[in-house]
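# Breakdown of the fold
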Amino acid sequence: MAWFDEAIFYHIYPLGETGAPKENNYNDVKSRLNDIYPWLEHIKEMGFNALYIGPLFESVGHGYETTDYKKLDSRLGVNYDLQRFVKTCHERGIKVILDGVFNHTGRDFFAFRDLKEKRENSIYKDWYCNVNFYGNNEYNDGFSYDNWGGFNLLVKLNYKNPAVSDYMCEVVKFWIDEFDIDGIRLDAADVLDFDFMKKLRKFTESLKPDFWLMGEVIHGDYQRWANAQTLHSVTNYQLHKALYSGYNDHNYFEIAHTVNRFIDMCKNGIKLYNFVDNHDVERIFTKLNNKDHMIPVHILLFTLFGIPSVYYGSEFCVEGKKEKFSDDSLRPMLNIEHMKDMKYHNKVTNTIMKLANLRQSKKVFSRGDYKELLLTNRQYAFSMSDSEDFAIVAVNNDENSAYLRIPLKDNRFEGAKFKEQLSGATYTVNGGVLECNLDKCMGEVFCLE
């Protein structure tokens, strides 16, 4: 199996975490990336083996309006800082992926600057989509163009022009050669050119066979993007929505239904990137009506098939509410030195550490087949199994404890003993049933002894 099949991701938004200025003047270089080193010890101790960090390259603001794809953002340091950072991660057994913002560029990117200066005479006029020299915009450019999300700050690239895809492949080769990264999260992959993504898949595999491509996709049939020809994986926004609304509505049927939709993809070897929050959505602790649901939500995140990811600070129950004109509260500056010991005395943090380390030690959660065993609005149990191991997961979203009789329907397990991984208690199968009491808003993970 490739490394990413068993990856457990930690996600950091570096411009926010380091408290970098909101605007980049391109002159004040400060190696804030070095401030993230203390997080690496925490990431490793918590049980994570992969880091998604980004955006990282020169931009004017939030990082997704790229100015220079071959230069670390001045607010974070110089290229050597990123070289050293990735090398340190690798020495600690942590893979590194970063943002590839390839759907659009910022207005300070060299090709767009040339277009503004030379207009019809620019050799880069066909690098962007639908440039109209009879139009205009709020910047008074004297021409218009396609953008991302209605923001003219983000100028959409034209991948029908081979020079654009060639340039971006050159960028990725530079990242691999210069920084030795292990993969890319493709920003706005849901509107990115499919032919380019296919070209990128072949190109990166020729450079680094286990290089991982994961795309940001919100809606639609994920198999359009995640398949053998295009990307390895995409962001699982459908499960993200089901996890928090399923708990808020006391509705495990929504979660189970969502999981069942992805079974065929799993059989085809596709593993989706699972998360409960990230830099674009509100923190899970903010979204949950009942904060006690933090533990059972994360039990599902770490035991369902797919690739789990935790956004920095959420393991500490950090809050973050999306504002109308700002995502700043979702991307705060945090001091790990003030929080790192919470893994020993905060129940949520400690449980997430146990779950991440459990997933590393029990490969059945990343390799196994899923089977639903019990389902009601407020209780849910399933198994994960392969040729070597068998595990049962049971969760309870009710504000009262629940007695469960989980049918295994397999004579092989009669009299078998299962150890509950969070408490250490041992249970025995009798009459083809595993009986257990689940505390309110809690869950248990049973592994065959």
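Before going into details, it helps to say that this report is about the structure given with it. (Residues numbered from 1 in each chain as written. Predicted model: local features only at pLDDT ≥ 70, side-chain atom pairs only at ≥ 80, totals over all residues. Heavy atoms only, no water.)

A count of helical and extended segments in the protein chain gives 14 helices and 21 strands. The C-alpha radius of gyration of the protein chain comes to 23 Å, within 12% of the 22 Å expected for a compact globule of 449 residues. For the C-alpha atoms alone, the extent of the protein chain along its principal axes is close to 80 × 45 × 40 Å. By sequence separation, contacts in the protein chain at least 24 residues apart represent 69% of the contacts at least 6 residues apart. Taking the 54 positively charged and 65 negatively charged side chains of the protein chain as two groups, their mean positions are separated by 1 Å. (Helix = DSSP H or I, 4+ residues; strand = E, 2+ residues; numbered from the N terminus. Rg over C-alpha atoms; globule rule 2.2 N^0.38 Å. Contact = heavy atoms within 4.5 Å. Lys, Arg positive; Asp, Glu negative; His and termini not counted. Charge placed at Lys NZ, Arg CZ, Asp CG, Glu CD.)

What follows is about the pairing of strand S4 (residues 66-72). Note that strand S3 (residues 57-59) and S4 share 3 bridges and pair antiparallel. Among the inter-strand pairings, Glu 58 is bridged to a residue of S4, identified as Asp 68. Where S3 folds back onto S4 in an antiparallel hairpin, the turn is made up of 6 residues, including Gly 63, whose phi is positive at roughly 110 degrees. (Pairing = 2+ DSSP bridges.)

On to the environment of Trp 148. Structurally, Trp 148 is set in strand S7 (residues 147-148). Linking Trp 148 and Val 191, residues 43 residues apart in sequence, is a C-alpha distance of 8.8 Å.

With that settled, the discussion passes to unusual backbone geometry. Leaving glycine aside, a negative phi is the common case for residues, and trans is the common case for peptide bonds. Of note, the amide linkage connecting Gly 54 to Pro 55 takes the cis form, showing an omega dihedral of 0 degrees. Residue position: Pro 55 is located in the loop between strand S2 (50-53) and S3. With a phi close to 50 degrees, His 250 is a non-glycine residue in the positive phi region. Residue placement: His 250 occurs in the loop between helix H7 (237-248) and helix H8 (252-261). The residue Cys 317 is not glycine, and still its phi comes out positive at about 65 degrees. In this fold, Cys 317 is placed in the loop between strand S13 (307-311) and helix H12 (342-345).

On to the packing of aromatic side chains. Any two aromatic rings considered together are summarised by their centre-to-centre distance and by the angle between their planes. The tally for this structure, following the rule as stated, stands at 48 aromatic pairs. Taken together, a centroid distance of 5.6 Å and an interplanar angle of 90 degrees make the contact between Phe 112 and Tyr 128 edge-to-face. Here Tyr 128 lies in the loop between helix H4 (110-118) and S7 and Phe 112 lies in helix H4, a separation of 16 residues in the sequence. Side by side, Phe 112 and Tyr 128 carry an identical accessibility label, which is buried. Judged by centre distance (5.6 Å) and plane angle (40 degrees), the ring pair of Tyr 252 and Tyr 380 falls under tilted. Taken together, the residues Tyr 252 in helix H8 and Tyr 380 in strand S15 (residues 379-385) connect sequence positions 128 residues apart. (Phe/Tyr/Trp six-rings, centres within 6.5 Å; stacked < 30°, edge-to-face > 60°. Buried < 20%, exposed > 50% of the residue type's maximum accessible area, 1.4 Å probe, protein only.)

This part is about the nonpolar core. Counting 136 residues, the largest nonpolar core has Phe 9, Trp 39, Leu 51, Phe 102, Trp 175, Leu 300 and Tyr 380 as the members making the most contacts within it. When neighbours within four sequence positions are excluded, Leu 51 is seen to be in contact with Phe 9, Tyr 10, Ile 12, Leu 40, Ile 43, Phe 85, Cys 89, Ile 94, Lys 95, Val 96 and Ile 97. In terms of nonpolar packing, the next biggest core, distinct from the first, is built from 19 residues, Ala 402, Ile 406, Tyr 427 and Val 429 among them. (Core = buried A, V, L, I, M, F, W, Y, C linked by side-chain atoms within 4.5 Å.)

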